[in-house]
Each structure stands twice: as C-alpha cells, then as structure tokens.
Amino acid sequence: MRPILAFALLALALPACRAQQTDGNAEAAQAQPSATRGGIRVTTIAAGLEHPWAVALLPDGGFLVSERPGRLRRIAADGSVSAPLGGVPEVWAQGQGGLLDVVLAPDFADSRRIYFSYAEPGPDGSAGTAVATATLGDNALGEVRRIYRQQPKLVGPNHFGSRLAFDGRGHVFISQGERNDKSRAQDLTMLQGKLVRLDLDGSIPADNPFVGRADARAEIWSYGHRNMQGLAVDPRSGSLWASEHGPRGGDELNRPQPGRNYGWPVISHGMDYATNRPYAETIGTAAPGMQAPYHVWAKSPGLSGMAFYTGHPDSPWNDSLFLGALAQRNLIRLTLDGDRIVAEERLLGDLDARIRDVRVGPDGAVYVLTDAADGKLLRLQPPAR
C-alpha cells in the first residue's frame, strides 16, 4: 500500500451545549455552525455524550447513540439530545464493558426493531458479550429479547468487542473479543475470540461451518480473533470485512471466511505490552492452516468502527473504507480499487480525539463519534472533487 501524506484539520473550537447525563429532561444541544478546513466541512451535531460507543442513522434524519455506561439516547436532526431511553437491560459497565453497538434491523422501516450488543453481567463479577433486539419507541425500548449470550462468562474488564452487521441474506454477524484470555480464541468449545453468525431471530443457521460437530460451538463463523471492534459489509460485493485490535502493534483488517482460523495468539504482528517481545504463545506472523491478515498496521491505530463509502461517484471519497482510530486519535480513509487497498489518508488528527465509531449517510456525509467523557457526534462533508 502506498501511504498518502495525511492532512489534518485545524483544531475546531465548536461550543456545544452539554446534554444532561441523568434520567431527567435533557437540554437541547443544538447543531453548531460548520468549520471548513482542507475542503472538509465539519459540524458538531451534539456534545456532552458520555463515552458514546455507536451511532445508528434514523430515517427521519435523527440518530440513535449508545453510551458505554448503559444509556441509549435519541439525537434529533437539530442536535437536541433526549433523556436516556427506558427498557435497556442491565449492563456491566466496567473497563471496556458497557453498552456497545447499536444498529437498525434490515426491516426497521416496518418493524421499528433495533439490535444492540452489550456486556452482560454474570455471577461472581463475571461478564460476557450479549446481543438483544427491541422495538424503538419514543421514550423507551419495547419487546426486548436477548438473542445471543457469550458463554462461559469470565471475570475481567477487557475485550468484549463488539460490532454487528447484516449480510442481506437473513443473517446477523456478531464480533467479539477473547476477554483478554488468549488461549480461548483457539478453543472451538468456547465463544470468546469468535465471529458468530446467526439468523435474525437468534437461531443457528444450518449452513454454519461447525454445525454438527461435537467439539465446536455451532454459532461460530470464524475464530482466532483477539478483539474485533469494526465490522461492515461491502455494498458493492456483499463481502464481510472486520477490523481487529492487535496487542502492541499488529492491528488487522480481515475478510472473515467460514471455518477459517485467523491465528491469535499463535500468529501475530504485535508484541507483549510488558516485554515488547512476542507473547510466549506466538510462533511468528504465519503458520500452516492459519489466515494471515488481509492488511496489517505495524503500529496500532486502535481500530474501532468502520464503514464503506460507495455509491457516490461525484465524491472524491467514493470507493473508500473509513476506520476510527482510538490510540492514534484520527480517522483513517483507505482508498479501494475493487478489494485492493491502494492508498491511506488520515483525517481529523488536529482534533486530538479518539474516534470510536464511523457511519456513512445516504447523503454522502460521514458521521463520527468521539470517545470521551464529553463525547461528540460530528458530521463530515467531503471536499469537492
């Protein structure tokens, strides 16, 4: 890949009203005037969000945003932020756990259903990734039903994942972490470190790769993953792409295939945080029967959230893949030629903000969440071609 010299926006000082973080009425946080730098117009839609994790774009021009402490909020097109919606199940909000991804069901226009992932509490301080569906009401969720639960639950605050994606063929994919217990990523009898594929109602598809095997969980699509926090389907081809945190280096972009082993912790480009040497379990960057990354970053950006930008031929961003970067605090844009990555650009670096999520709107705008105690929802409009 040939890197392009990244250009960054000048720091934006966009005042915004803070939304109340209580169960009372929320203050309106009106959309702020735009600032244009480097040809990109950046607008702060809302601020005062406590560690927002995911944003779903609603058909009415508003947004649904999850906050890691366990709150789900509506944000109107004018930037006003609702009080927390009722009906969210109990969330284990510690460390990296909390309320995580939220997406609209494929039939949302008719059903008003949403899907969301979260860290679910278990006995004796344990927790695990779970997924539920619900109908979206004005002030609360209804018909909440858990469709997936990671088993067994483990003690510890790290590596829950999680992102959700639909393949357009009646399935939902669920990405997860290995809960910082490396060996479990290779154990097919456990769900940690696995990409899971389910029918939309939570049942197990008959054609999943491990169906019928006594030594493997039938929910599994692929395994050997460390901590997947990005997941998206390419609208051009229908292929699934996933981004994954490496340890100290070695963040990965993969295209998960059924039944394949993506290697963690046996193969990795990353290092032990404590020693800056490979982990004891790691034998190198490649091994027979294990899939090498489709793309790898030697220095970890801290990948989180990803979205394809396609179908806008008049935009210079057309045929791109956007990824949020937490550690390097910017927005990554990969230029695609078909499935090939031909260039990389870094945006929003001067904001010095952890980018947690990124989504693309039908209008060609890009929406990002910054991960902070005073997190923001931003709208990016691309430069002219």
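Whatever comes next refers back to the structure up there.
Residues numbered from 1 in each chain as written. Predicted model: local features only at pLDDT ≥ 70, side-chain atom pairs only at ≥ 80, totals over all residues. Heavy atoms only, no water.

## Things to note about the sheet that holds strand β4 (residues 52–57)
Taken in spatial order, the 3 strands line up as β4-β5-β6 in an open sheet, and their pairing is antiparallel. One side of each edge strand has no neighbouring strand; the edge strands of this open sheet are β4 and β6 (71–75). Strand-to-strand, the axes of this sheet are offset by a mean angle of 20 degrees, without reference to chain direction. Two strands pair when backbone bridges link them, and strand β5 (residues 63–67) and β6 are joined in this way by 5 bridges, in the antiparallel orientation. The residue bridging F63 from the neighbouring strand is I75, located in β6. (Pairing = 2+ DSSP bridges. Helix = DSSP H or I, 4+ residues; strand = E, 2+ residues; numbered from the N terminus. Axes fitted to C-alpha atoms, helices over the stretch in contact; angles between N-to-C directions.)

## A word on the pattern of salt bridges
Applying the stated criterion across every chain, the model contains 26 salt bridges. We note a salt bridge from K182 to E281, for which the minimum N-O separation is 3.8 Å. Residue K182 is located in the loop between β13 (171–174) and β14 (194–199), and its partner E281 is located in the loop between β18 (251–254) and β19 (295–297); the two are separated by 99 residues in the primary sequence. E344 serves as the salt-bridge partner of R346, at 2.7 Å between the closest nitrogen and oxygen. You can call R346 buried: its relative accessible area is 16%. One connected set of salt bridges, linked through shared partners, spans E50, E67, R71 and R73. (Salt bridge = Lys/Arg side-chain N within 4 Å of Asp/Glu carboxyl O. Buried < 20%, exposed > 50% of the residue type's maximum accessible area, 1.4 Å probe, protein only.)

## What to know about the environment of D350
By secondary structure assignment, the location of D350 is in the loop between β23 (340–347) and β24 (355–360). The exposure class of D350 is partly exposed, given its relative accessible area of 38%. Taking the C-alpha atoms as reference points, D350 and Q381, 31 residues apart in sequence, are found 17 Å from one another.

## Details of the pairing of β13
Side chains H171 and F173 of β13 all project onto a buried face; the interleaved residues V172 and I174 project onto the opposite face, where all are buried too. Pairing of strand β12 (residues 164–166) with β13, which is carried by 3 bridges, proceeds in the antiparallel orientation. Note on β13: the bridge partner recorded for A165 is F173. Connecting β12 to the next strand, β13, in antiparallel fashion are 4 residues, including G168 with a positive phi near 80 degrees. Across 4 bridges, β13 lies against β14 in antiparallel orientation. Within the sheet, the bridge partner assigned to V172 lies in β14 and is L198.

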